[in-house]
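Here is how the chains run, residue by residue.
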Amino acid sequence: MSHLDEISHLLFGKMSDELGAVERRVLHKAKERKILSEDTNAAFVASQGFGDRLADGIARFGGSWGFIIGFIIFLIVWTTANTILLMRDAFDPYPFIFLNLLLSMIAALQAPIIMMSQNRQAMKDRFDASKDYEVNLKSEVELISLHHKIDTVLLREIAELRADVGRLQAQLEH
């Protein structure tokens with residue numbers, strides 16, 4: 001049995017060839033005493049393309065109070081202009097058919113953009129969860145390793161103490 005097989009059996013209860021990619025990476029990082037945690041936000045943002053960042057920006061703006069207040073102001077101006085100010089020459093008289101068309105088009109475009117952003121957020125959450133799992137797994141590996149080292153030291157000290165007791169008993173008998 002190789003050293004890696006012993007360690008993987010001790011830590012994971014499996015042979016080294018049965019370990020998954022995450023478990024292998026964690027063992028490798030633990031062996032090299034390297035940090036496994038990283039800034040997942042920076043790693044995720046670095047993997048995004050222009051369209052991803054644009055969709056997130058649109059979704060962020062579309063869900064803000066600035067957008068809501070601005071849109072309410074736009075609707076008030078539109079309806080006021082087409083009912084009071086331009087009574088005879090209104091470009092979109094009541095029941096505001098053109099405004100309804102514009103609102104429908106905005107909703108038709110905004111909904112998939114928001115869904116794209118939500119899908120990306122779900123991907124980011126899964127990415128964060130996998131990184132958390134790796135860090136937690138490495139912590140467990142380190143704790144088990146520390147327990148094993150402490151147990152080894154304690155067993156050696158107990159063996160030395162028994163040997164000392166045996167020598168002292170032999171000296172007392174002579």
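Thresholds applied
- Residues numbered from 1 in each chain as written.
- Predicted model: local features only at pLDDT ≥ 70, side-chain atom pairs only at ≥ 80, totals over all residues.
- Heavy atoms only, no water.
- Axes fitted to C-alpha atoms, helices over the stretch in contact; angles between N-to-C directions.
- Helix = DSSP H or I, 4+ residues; strand = E, 2+ residues; numbered from the N terminus.
- Parallel < 35°, antiparallel > 145°, perpendicular 65-115°, else oblique.
- Left-handed = near helix turned anticlockwise from the far one by under 90°.
- Contact = heavy atoms within 4.5 Å.
- Nonpolar A, V, L, I, M, F, W, Y, C, P; charged D, E, K, R; others polar.
- Buried < 20%, exposed > 50% of the residue type's maximum accessible area, 1.4 Å probe, protein only.
- Core = buried A, V, L, I, M, F, W, Y, C linked by side-chain atoms within 4.5 Å.
- Phe/Tyr/Trp six-rings, centres within 6.5 Å; stacked < 30°, edge-to-face > 60°.
- Expected span 1.5 Å × (residues − 1).
- 1 Å grid on protein atoms, 1.4 Å probe; cavity = no way out; pocket = protein on both sides within 12 Å on 5 of 7 lines; lining within 4 Å.
- Points joined across faces, edges and corners; volume = space filled by probe spheres on them.

A. Seen up close, the packing of helix α5 (residues 65-85) against helix α6 (residues 97-173). At their nearest, the axes of α5 and α6 sit 11 Å apart, and the two run at 160° to each other. Overall, the two elements α5 and α6 adopt an arrangement that is roughly antiparallel. Crossing angle aside, the handedness with which α5 passes α6 is right-handed. Along its contact with α5, which presents Phe67, Phe71, Phe74, Leu75, Trp78 and Thr79, the element α6 presents Phe98, Leu99, Leu102, Leu103, Ile106 and Gln110. Partitioning the contact of α5 with α6 into residue classes produces ten nonpolar, two polar and no charged.

B. How the structure looks around the packing of helix α4 (residues 50-62) against α6. In the contact formed by α4 and α6, the axes pass within 8 Å of each other and the chain directions differ by 110°. Accordingly, the angle class assigned to the pair α4 and α6 is roughly perpendicular. Here the hand of the crossing between α4 and α6 comes out left-handed. Contacts between α4 and α6 involve Asp52, Ala55, Asp56, Ile58, Ala59 and Gly62 from the first element and Gln110, Ile113, Ile114, Met116, Ser117 and Arg120 from the second. Class assignment of the residues belonging to the contact of α4 with α6 gives a composition of six nonpolar, three polar and three charged.

C. How the structure looks around unusual backbone geometry. Residue Pro95 is bonded to the preceding Tyr94 through a cis peptide linkage, with omega at 20°. By secondary structure assignment, the location of Pro95 is in the loop between α5 and α6. The phi dihedral of Phe96 is positive, around 55°, even though this residue is not glycine. By the secondary structure assignment, Phe96 is in the loop between α5 and α6. We classify Phe96 as buried; its relative accessible area is 10%.

D. Quick peek at the nonpolar core. Ranked by size, the top nonpolar core spans eight residues in total: Leu11, Phe12, Leu19, Val26, Leu27, Ala30, Leu137 and Val141. Those elements that provide at least two residues to this core are α1 (3-12), α2 (21-32) and α6. The element best represented in this core is α2, accounting for three residues. Apart from the residues within four sequence positions on either side, Phe12 is in contact with Ile7, Leu19, Glu23, Leu27, Leu137 and Val141.

E. How the structure looks around the packing of aromatic side chains. Evaluated as defined, the whole model comprises seven aromatic pairs. Taking the centre distance of 5.4 Å and the plane angle of 20° together, the rings of Phe67 and Phe71 count as stacked. Remark: Phe71 and Phe67 occur in helix α5; sequence separation between them is four residues, near one turn of the helix. Chaining the aromatic ring pairs together yields one cluster made of Phe61, Phe67, Phe71, Phe74, Trp78, Phe91 and Phe98.

F. Summary view of α6. Look at α6: 112 Å from first C-alpha to last across 77 residues, which is about the 114 Å you get at 1.5 Å a residue. When α6 is considered as a whole, its buried residues turn out to be Leu99, Gln110, Ser117, Arg120, Lys124, Asp128, Lys131, Glu134, Leu137, Lys138 and Val141.

G. Region of interest: the environment of Gln48. When you line up the elements, Gln48 lands in the loop between α3 (40-46) and α4. Taking the C-alpha atoms as reference, Gln48 lies 61 Å from Leu161; in sequence the two are 113 residues apart.

H. Spatial organisation of the layout of surface pockets. Volume-wise, the second largest pocket comes out at about 160 Å³. Considering the residues around the second largest pocket, the lining is formed by Phe44, Val45, Gln48, Arg53, Asp56, Arg60, Ser117, Arg120, Gln121 and Lys124. Elements represented by at least two residues in the lining of the second largest pocket include exactly α3, α4 and α6. Ranked by residue count, the leading element in the lining of the second largest pocket is α6, at four residues. For the lining of the second largest pocket, the class distribution of residues is two nonpolar, three polar and five charged.

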